[in-house]
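# Residue-level structure breakdown
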Amino acid sequence: MDLIAKERDRVLQRAARVYGLSFTVASLLCYLLPGAVDGTAAIGIGALLYVVLAGAQFMLGISRNPVWVLLTLAAGIGILAIATEAGTASLGEGGMTALQLLMSGSLAAVAIVLTGTAWRIVGLGAAFVVLTLASFWLTSASQAPLRTGGLLVLGWFLAGGIGVWVSAGVPQISKRIASIGRAHRAERQASELEAQRRQSARLLHDTVLATLTLLAHSGVGVTPEALREQAAEDARLLRQLRLGSTPTPQASGSYQLESGGDPEPVLGRTLESVKQRFGRMGLTVSWHGTGQVLLPSEVLDAFLLALAECLENVRRHSGVTEAHVTITEDDSTVRAMVTDAGVGFAIADIDEAKLGFAESVVARLRDVGGNARLFSAPGSGTTVVLEVPR
Amino acid sequence: MTAGIPEENTLGIVVGNAARAVSKTAKRLGRAGARPSLGSAFLALGADVFVVLRAVYGLSWFVVFWQRYPMPGAAASAWGVLIVVIVGAVIASRAGGDRMPTWGFSLVLVGIAAAVTLDLIAVWDLHDLGRTLTAATAAGAALLLVVTQRGATELLVSAGVLGVVLAVAMFLNTPPDAPFDADRIAPQLAAIAFTVLPAVIGVLLVQGHRRMVQLELDRVLVQSTVSAPRYAVGMLASEELARLDLAAERLLDSIATKKTALPLTPKTASLAASLATELRLHLIEGRRETWLYHAVSESEMLGRSVTLVDKSALAGLLDPAQRDGLLAAAWMLVSDTRKKAGPHRSITIQLGPLAPSTTTRDDHKIPIPITITSSGIRRNRVDPSIWAALGRVGRYSDTTEEGSLRVDIDAVVDNPADV
């Protein structure tokens with residue numbers, strides 16, 4: 001399916017319409033001048049045929065149906081026959097100007113659309129021959145055939161030339177556009193890969209986001225030294241990311257804050273680092289329940305991200321400096337309950353689209369098949385239950 | 001390295017202007033201004049050939065009339081000026097850029113005006129401008145020399161002014177006792193038509209051609225989404241992400257190296273806040289957008305008239321052939337650029353919701369219901385090749401709803417939960 005060919009046809013059809021209609025108008029004006037043709041009947045019927053001709057040419061711009069080409073030619077030859085009284089009357093120069101504009105201008109417009117396929121070119125030849133013979137026969141009394149024929153050839157050659165020329169340019173254009181398209185596809189794939197690499201460094205971005213959020217609150221509640229330490233660490237990781245090292249998902253559990261972390265993705269150990277991080281920011285996290293849980297690394301990532309996000313919310317909004325995290329597990333699920341005794345809030349007040357909870361907690365957990373539930377009421381603290389499959 | 005405000009609001013660009021940014025590229029390439037002009041040089045060559053042929057035709061009449069001129073010198077200099085204009089414009093357009101500078105265009109116009117004036121002076125006393133003007137009528141066609149290099153409006157205005165000047169001259173030139181009849185007026189009308197129409201038709205043809213190139217570029221650029229993975233971030237997202245990462249790195253670095261004092265000034269704090277928000281948005285963005293979303297948002301054509309409803313991101317499951325078919329069908333439905341159909345044409349593509357499966361399939365496949373509802377598109381007005389495109393997506397049935405087309409497709413895809 002060649003969509004550019006369709007577009008090309010549309011361009012040619014519209015060109016044919018404008019070309020034909022403008023010459024039709026010029027020819028009609030000449031035709032209606034006093035003395036161009038004899039007899040009111042000839043003027044009346046001729047004008048009617050001009051209207052038919054204009055209608056057919058208008059349709060030529062919309063439809064590729066050959067009917068409109070035939071109708072255009074039929075109306076044109078009809079006008080010739082009416083004006084010359086079927087070849088018997090001799091027209092003056094005014095009348096012949098009208099007919100010449102009609103034959104070499106208005107009717108030649110069909111040549112623009114009769115290009116492209118072999119059948120159309122055959123049609124073009126046939127149309128030209130028919131019109132030439134008809135015009136020789138009908139205008140022989142008014143004008144030498146050589147002059148009529150010469151102008152006909154000129155007009156049809158020009159119109160056909162437009163069609164051929166535009167069509168001839170299309171393959172080249174289409175080739176160039178296709179190569180632009182290929183380059184664009186390569187660019188898209190490269191950009192996609194790069195974005196994936198950066199997005200896969202989720203834990204890194206998580207600590208960066210946490211630090212940025214701290215900074216957004218002007219680092220209130222954290223000692224400048226701790227903040228600087230944290231900022232230096234995050235900047236170093238971002239630099240590594242920028243310089244092209246791809247943190248592999250297996251290692252992502254360990255690169256957050258401590259150097260030379262535990263090789264095994266043990267939950268207890270990583271939880272400790274989360275606890276330390278929040279400790280530095282002034283939120284005491286008390287740990288309860290299971291200390292050692294083994295999780296697949298991407299589940300662990302999501303779980304930790306969600307947990308850290310919840311703790312960050314506690315730190316920022318609850319108004320208390322202590323949070324409790326209880327980890328429980330059964331055969332299929334690991335569950336964390338984050339509880340604080342802070343101000344709480346009305347569940348209905350949080351906007352679904354608000355980024356904090358829906359995106360960073362729920363979306364991340366759902367990605368790995370988990371879920372999050374939120375319980376709170378103004379004045380009675382908040383509890384978040386995070387669940388991930390084992 | 002110091003912390004700086006990112007040059008622009010990256011979020012604003014991605015949410016609002018990603019599509020515009022891409023289609024701006026398409027526009028730039030499709031416009032006559034850029035060097036890789038995609039076919040307009042070829043069109044210009046055709047126009048040059050036409051102008052030269054037209055000049056040769058006019059010149060031969062000039063030779064025929066030579067004996068009759070009361071002032072042959074003026075007619076000859078009119079042709080001299082016109083030939084200089086034609087040769088100069090052809091050389092300038094071949095050697096120069098794809099856009100003619102305004103002073104160059106002014107020179108062409110001055111040359112044309114001079115040729116017309118001289119030609120009018122030469123034949124004024126014959127009182128038969130319709131038949132005897134040669135250089136003046138060829139001068140109208142000479143406007144085609146710059147048709148790909150100048151705006152449509154200025155060319156149309158120039159052609160119009162030329163036509164009016166000739167008409168006024170013909171009126172003034174008519175002796176008071178001349179009869180109002182076809183033999184005298186018709187050649188004058190024809191002369192004006194042959195002067196003005198080439199430029200008008202040329203301008204419209206070039207406009208249509210440009211539009212064709214731009215549409216095709218837009219389509220081909222969007223076509224690259226067909227091979228995208230199930231979820232993709234889109235063209236500019238990674239660039240944005242990289243920029244945000246860099247901005248964050250600079251900010252953190254400047255804090256770590258004490259270039260930025262703690263506690264932060266409100267300005268820097270708000271910079272950190274906006275960075276965090278944008279970064280967060282970018283990190284979640286990639287997960288829920290499918291190739292079809294990107295195709296619609298990046299394309300000027302589709303973005304204007306396609307509404308996509310795909311809550312469960314089912315479009316990502318379609319295989320490349322199905323995507324290609326769906327994209328081609330959507331394209332053909334909305335790309336029909338007829339004026340009357342223009343503003344109201346819009347389609348909604350809805351994927352899903354998945355019907356609860358009644359029978360279990362044993363080929364690890366799942367049917368996705370796709371519904372294309374349209375407004376302003378009549379059943380008998382759609383391009384027939386659309387059905388072939390839809391056939392590549394899946395089994396379809398079409399109905400007419402309030403006079404507009406509605407297509408239901410059952411696209412069968414690999415079940416992602418059953419691998």
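Now for a quick tour of the structure. The residue numbering used here restarts from 1 in each chain and proceeds along that chain's sequence as written. Here every chain gets a letter starting at A, and every ligand a number starting at 1, in the order they are written. Only residues with pLDDT of 70 or above have their local features reported here, since the model is predicted, and side-chain atom pairs are shown and tallied only from 80 upward, although totals for entire chains, interfaces and linings are computed over all residues. Where side-chain values are given, they derive from all heavy atoms of the structure, hydrogens and water being excluded.

## Here we look at the overall build of chain B
In terms of helices and strands, chain B carries 14 helices and 5 strands. Partly exposed residues are those whose accessible area sits between 20% and 50% of the maximum for their type, while under 20% is buried and over 50% is exposed, using a 1.4 Å probe and protein chains only. Across the 419 residues that make up chain B, the buried fraction comes to 53%. In what follows, a contact means two residues having at least one pair of non-hydrogen atoms within 4.5 Å. In chain B, of all internal contacts separated by at least 6 residues, the share reaching a separation of at least 24 is 79%. Accessible surface, chain B as shown: approximately 18,500 Å² in total, 62% of it carbon and sulfur. The way it works is that DSSP assigns letters per residue, a run of H or I at least four long becomes a helix, a run of E at least two long becomes a strand, and they are numbered from the N terminus. The Shrake-Rupley method, run with a 1.4 Å probe, gives the accessible areas here. Residue values count only the displayed protein chains as cover.

## Structural notes on the overall build of chain A
When helices and strands are counted, chain A shows 12 helices and 5 strands. Taking all 390 residues of chain A together, the buried fraction comes to 52%. As presented, chain A carries roughly 16,400 Å² of accessible surface, and 63% of it is formed by carbon and sulfur atoms.

## Some thoughts on the sheet that holds strand E1 (residues 284–289) of chain A
Within a sheet, adjacent strands bond to each other through the backbone by hydrogen bonds, running parallel or antiparallel. Residue and element names in this part refer to chain A. Sheet architecture is open: 5 strands sit in the order E1-E2-E3-E5-E4, paired in mixed fashion. Edge strands, defined here as strands with exactly one partner in the open sheet, are E1 and strand E4 (371–376). The mean inter-strand angle of the sheet, taken between neighbouring strand axes irrespective of direction, is 15 degrees. In this description, strands pair whenever DSSP reports at least two bridges between them. With 8 bridges joining them, strand E3 (residues 333–340) and strand E5 (residues 382–389) adopt antiparallel strand pairing. Residue pairing across strands places Ala-336 opposite Leu-386, the latter belonging to E5. To get an axis, a line is fitted to the C-alpha atoms, and for a helix only the part in contact is used. The angle between two axes follows their N-to-C directions and goes from 0 to 180 degrees.

## Structural notes on the interface of chain A and chain B
Counting residues at the interface gives 82 residues for chain A and 91 residues for chain B. Put simply, buried area is how much 1.4 Å-probe accessible surface two parts lose in total, over both of them, once they are put together. Around 7,700 Å² of area is buried between chain A and chain B when both sides are counted, 71% of it from carbon and sulfur atoms. Interface area lost by chain A to chain B is led by A:Trp165, A:Arg188 and A:Arg228, which between them contribute 10%. Counted as salt bridges are all cases of a side-chain nitrogen of Lys or Arg within 4 Å of a carboxyl oxygen of Asp or Glu. In this structure, the connection of chain A to chain B is made through 5 salt bridges. Distance and chemistry together define a polar contact, namely a pair of N or O atoms within 3.5 Å, with one atom able to donate a hydrogen and the other to accept it when in protein, and with adjacent residues in sequence counting only for side-chain atoms on both sides. Remark: the boundary between chain A and chain B carries 9 residue pairs in polar contact (both at pLDDT 80 or more). The biggest single contributor to the side of chain A that touches chain B is helix H7 (residues 145–200) of chain A, with 27 residues. Here the side of chain A that touches chain B is composed, by residue class, of 42 nonpolar, 17 polar and 23 charged. Here the nonpolar group is Ala, Val, Leu, Ile, Met, Phe, Trp, Tyr, Cys and Pro; Asp, Glu, Lys and Arg are the charged ones; every other residue, Gly included, is treated as polar.

## Quick notes on unusual backbone geometry
Residue and element names in this part refer to chain B. Of note in the backbone geometry, His-127 takes a positive phi value of approximately 50 degrees without being a glycine. Within the secondary structure layout, His-127 lies in the loop between helix H4 (102–123) and helix H5 (129–132). With a relative accessible area of 40%, His-127 lands in the partly exposed category. Within the chain, Lys-258 stands out as a residue other than glycine whose phi angle is a positive 65 degrees. Here Lys-258 shows up in the loop between helix H9 (237–256) and helix H10 (266–285).

## Overview of the sheet that holds strand E2 (residues 346–351) of chain B
All names here are of chain B. The 5 strands lie next to each other as E1-E2-E3-E5-E4, forming an open sheet whose pairing is mixed. In the strand order of this sheet, the two ends are held by strand E1 (306–309) and strand E4 (395–401), each with one partner. Pairs of neighbouring strands in the sheet enclose a mean axial angle of 20 degrees, with direction left out of account. The pairing of E4 with strand E5 (residues 404–414) spans 7 bridges and is classified as antiparallel. Each bridged residue has a counterpart across the sheet, and for Thr-399 the counterpart in E5 is Arg-406. In the packing of helix H13 (residues 320–334) onto the sheet, contacts are made with E1, E2, strand E3 (365–375) and E5, and the angle to E5 comes to roughly 170 degrees.

## Focus on the pattern of salt bridges
Evaluated as defined, the whole model comprises 21 salt bridges over all chains. The closest approach of N and O atoms between B:Glu216 and B:Arg219, which form a salt bridge, is 3.1 Å. Separated by 3 residues within a single helix, B:Glu216 and B:Arg219 lie in helix H8 (residues 182–223), roughly one turn from each other. The same class applies to B:Glu216 as to B:Arg219, namely buried. The network of salt bridges with shared partners includes A:Asp330, A:Arg335, A:Arg373 and A:Glu387.

## Side note on the environment of B:Met170
Residues and elements named next belong to chain B. Checked against the element boundaries, Met-170 lands in helix H7 (residues 152–173). Placed 43 residues apart in sequence, Met-170 and His-127 show a C-alpha to C-alpha distance of 8.4 Å. Sequence-distant contacts of Met-170, defined by excluding residues within four places in its chain, comprise Leu-129, Gly-130, Leu-133, Gln-188, Ala-191 and Ile-192.

## Details of the side chain of B:Gln149
Mapped onto the elements of the fold, B:Gln149 is located in the loop between helix H6 (135–142) and H7. A residue is classified by how much of its surface remains accessible, and B:Gln149, at 5% relative accessible area, is buried.

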